[in-house]
Amino acid sequence: MVRALTLLLAQLAAAPIVSETVETGELRPIDLATFECRDISRSTVLQRVCYDRAQQNLVVAVDGRYDRYCAVAAETVDSLLGAPSMGQFFNRNIKREAAGSRYDCRA
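Cut-offs applied
Residues numbered from 1 in each chain as written. Predicted model: local features only at pLDDT ≥ 70, side-chain atom pairs only at ≥ 80, totals over all residues. Heavy atoms only, no water. Disulfide = S-S within 2.5 Å. Helix = DSSP H or I, 4+ residues; strand = E, 2+ residues; numbered from the N terminus. Buried < 20%, exposed > 50% of the residue type's maximum accessible area, 1.4 Å probe, protein only. Pairing = 2+ DSSP bridges. Axes fitted to C-alpha atoms, helices over the stretch in contact; angles between N-to-C directions. Contact = heavy atoms within 4.5 Å. Arc of directions from axis to C-beta. Salt bridge = Lys/Arg side-chain N within 4 Å of Asp/Glu carboxyl O. Core = buried A, V, L, I, M, F, W, Y, C linked by side-chain atoms within 4.5 Å.

(A) Broad picture of the state of the cysteines. Throughout the structure, instances matching the rule amount to two disulfides. Two residues share a disulfide in this structure: C37 and C50, whose sulfurs sit 2.2 Å from each other. In this structure the cystine formed by C37 and C50 twists about its S-S bond by roughly 115°; its chirality is therefore right-handed. One end of the pair, C37, is in strand β3 (residues 36-39); the other, C50, is in strand β4 (residues 46-52), with 13 residues separating them in the sequence. Relative accessible area serves as the criterion here: at 28%, C37 is assigned to the partly exposed category. Two residues, C70 and C105, share a disulfide whose sulfurs are 2.1 Å apart. Around the S-S axis, the bridge from C70 to C105 shows a dihedral of about 105° and counts as right-handed. Highlighted residues: C70 in the loop between β6 (65-69) and α2 (74-82) and C105 in the segment after α3 (86-93), separated in sequence by 35 residues. Disulfide partners in the protein chain, listed by the sequence order of the bonded cysteines, are 1-2, 3-4.

Quick look at the structure:
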């Protein structure tokens, strides 16, 4: 048992560190290396929230699909994470309905 655990730890230490990449609705991969991600268990709408404070980029998982939002202030993300209903806050304040709307990354 100890030998197997030692071998497993040695394999893990030798494995290259690979950052996580997700594909968004824009159909391009986003490297989450600079994002702080949180798995969300208290929302029926959001499953995961990832935020890059330096770039003000927000990536959220809704219904298993990732979407990216740009120029989102840290205060908005903090309000989202602290909202009594994260889904309602997201739908009212962040979610975009059309290209060119608030937080659109292509604007």
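(B) Highlighting the sheet that holds β6. The sheet built from four strands is open, its strands ordered β3-β4-β5-β6 with antiparallel pairing. Bordering the open sheet on either side are β3 and β6, each of which pairs with just one other strand. Strand-to-strand twist in this sheet, taken as the mean axis angle between neighbours without regard to direction, amounts to 15°. For β3 and β4, the ladder comprises four bridges, and the chain directions are antiparallel. Paired with R38 across the strands is V49, a residue of β4. Its contacts with the sheet put α2 on β3, β4 and β5 (57-62), and the angle it makes with β4 is roughly 155°. Of the strands in this sheet, β4, β5 and β6 touch α3, which is tilted by about 60° from β4.

(C) Representation of α3 within the structure. The complete set of buried residues in α3 reads M86, G87, F89 and F90. All buried residues of α3 fall inside an arc of 165° around its axis, so they share one side. Against the buried residues of α3 lie β4, β5, β6 and α2.

(D) Region of the structure containing the pattern of salt bridges. One pass over the full model with this rule turns up five salt bridges. Among the salt bridges present, the one from R53 reaches D78, with a minimum N-O distance of 3.1 Å. One end of the pair, R53, is in the loop between β4 and β5; the other, D78, is in helix α2, with 25 residues separating them in the sequence. On the accessibility criterion, D78 (40% relative accessible area) is partly exposed.

(E) View of the nonpolar core. Counting 19 residues, the largest nonpolar core has V49 and L58 as the members making the most contacts within it. Among the secondary structure elements, those contributing two or more residues to this core are β4, β5, α2 and α3. For this core, the element with the highest residue contribution is α2, accounting for four residues. The contact partners of V49, leaving out residues within four places of it in the chain, are E36, C37, R38, I40, L58, V59, V60, L80, L81 and M86. Counting residues in each nonpolar core, the second largest holds eight residues, with V22, I30, F35 and V59 among its members.

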